[in-house]
Amino acid sequence: MDRRLASEFNQEEVARLERVLTMEKVLANNIPWEKLAQSTVIEQKELQLIQRYDKQMPLTKKRMLDEDGPLYAEVLMNLVVKLNSDEFLRYVLALIDEMLSASDSRVALFVQLGQNSESLPFQPFLHHLDRKNPDVFIVSSASKILATLLMRGVRYGARPERVRQHASNLFKWLADRLSQSDAQPEMTQALLLSLRTLLRNQEFRVLFDQQDGINLLCALLKSQYHQTVYHALFCLWLLSYNQKLASTRFPETTVCSRIVDTIKNVQREKIVRISIATLRNLSDHSRENCLHMVEAGFMKILPNLLMRKWGDDELEGNLHALNDTLQDVMSELGSWDRYKAEILSGELEWSMVHKSDRFWREHASNFSENNFQIPGVLIDIISNSQNPKVRRYWTIV
């Protein structure tokens, strides 16, 4: 993964700490495990195991897992399968999350449970994502655990085709949830964090795109919640590292234009940083992506971005690289392409082309393209503008 991730992870430290504190708060509860034995959810032997493991110090838990890891993983997975109570399920998920966060190798303990079952270890966590009246912590933890198991599963013995199938099912569910209203920002952000984990895998990037993932993330850039916007941009940045998607799928969307609008409207540095990094990647793979940026008016805000003191060498390097690439693209454009880009950017400026009789003679027929798109946009701009320079267009058009 590109080293630019390091600085972005630092920006996420506050959000990460908030999640750790939530997990610690859940694990601070005292769980009446005896109730599960009384209701036959677990057997007496399982009760003894979970009581022995619960509330131990980290080093003691490590020793217990080193000695009897498969037994503890089986007990916890059995609880995930059978539990319906939010209180118990939160606690069990927190225990598993804690276990996997301490060591990637513990994924193997859960993968081994799938040797005699097609659904384990993935399906039970996906099942809890689709609960009625979903609990944010349960969805957040279950999606994080499932993402970890899918990302590391093959390394520890899971069959690739099974991982691929369960990942596809998860992406279908994620696409459905992310397409819904952003009424619960905490839920959306939790799901995007899990998606960030999954999109480090090239094959998973393609699977997510098959669910129209790029357009779903693009729509989230309109969210009023900056953290949602940031996570959506981070996911788009990860997707931009897939060369095929960057060169063929992104140009078919409005992602570049939407990112430019985001830079114009949101001045937070971490959002600008990830936005510019994404545009830099996309500009390297498709001239059409570059044209979308130009048409969105990026060249008008780029000089100010270049002059700003960022204190971030990578951000400044990306800005200069973008400027060089887009200047080259602009130099290749004919007069009509430049005029079209100006109109679509929504920001009109008086230039020599507007006074050139030759320009209007040579390009009059172009105004009928795309069902007279350019005249329609131009009329909207002029009729809604209070700028006297813009109003002068009436004398030309």
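Look above for the structure.
These numbers come from a predicted model, not from an experiment.

Draft legend 1. View of the state of the cysteines. Tallied over the full model, the rule gives zero disulfides. The cysteine C218 is free of any disulfide, with C256 supplying the nearest cysteine sulfur at 9.2 Å. Summary of cysteine pairing: C290 is not part of a disulfide, and the nearest cysteine sulfur, belonging to C256, is at 7.9 Å.

Draft legend 2. How the structure looks around the pattern of salt bridges. In the structure shown here, the tally under the stated rule is 17 salt bridges. Here R63 and E67 are joined by a salt bridge, their closest N and O atoms 3.8 Å apart. Remark: E67 and R63 occur in helix α5 (residues 58-82); sequence separation between them is four residues, near one turn of the helix. Measuring nitrogen to oxygen at the nearest pair gives 3.8 Å for the salt bridge that ties R249 to D212. Taken together, the residues span a long stretch of sequence, with R249 in helix α15 (residues 243-249) and D212 in the loop between α12 (202-209) and α13 (213-220) at a distance of 37 residues. Here R249 falls in the buried class, since its relative accessible area comes to 19%.

Draft legend 3. Structural detail: the packing of helix α14 (residues 226-239) against helix α17 (residues 269-283). Running from N to C, α14 and α17 cross one another at 25°; their axes reach a closest spacing of 9 Å. As summarised for this structure, α14 and α17 are arranged roughly parallel, according to the angle between their axes. The element α14 and its partner α17 pack so that their crossing is left-handed. Along its contact with α14, which presents H226, Q227, V229, Y230, L233, F234, L236 and W237, the element α17 presents K270, I271, I274, S275, A277, T278 and N281. For the contact of α14 with α17, the residue count by class is nine nonpolar, five polar and one charged.

Draft legend 4. Structural detail: the environment of S168. With respect to the element layout, S168 can be found in helix α10 (residues 160-178). You can call S168 buried: its relative accessible area is 15%. With 42 residues separating them in the primary sequence, S168 and Q210 have C-alpha atoms 9.1 Å apart.

Draft legend 5. Quick peek at the nonpolar core. If you look at the biggest cluster of nonpolar residues, it comprises 116 residues, and the most contacted ones within it are W33, F110, L195, L217 and F298. Of all hydrophobic cores here, the second largest spans six residues; its members include Y339, I343, I374 and I382.

Conventions and cut-offs
Residues numbered from 1 in each chain as written. Predicted model: local features only at pLDDT ≥ 70, side-chain atom pairs only at ≥ 80, totals over all residues. Heavy atoms only, no water. Disulfide = S-S within 2.5 Å. Salt bridge = Lys/Arg side-chain N within 4 Å of Asp/Glu carboxyl O. Helix = DSSP H or I, 4+ residues; strand = E, 2+ residues; numbered from the N terminus. Buried < 20%, exposed > 50% of the residue type's maximum accessible area, 1.4 Å probe, protein only. Axes fitted to C-alpha atoms, helices over the stretch in contact; angles between N-to-C directions. Parallel < 35°, antiparallel > 145°, perpendicular 65-115°, else oblique. Left-handed = near helix turned anticlockwise from the far one by under 90°. Contact = heavy atoms within 4.5 Å. Nonpolar A, V, L, I, M, F, W, Y, C, P; charged D, E, K, R; others polar. Core = buried A, V, L, I, M, F, W, Y, C linked by side-chain atoms within 4.5 Å.

As far as function goes, none of this settles anything; it's purely spatial.
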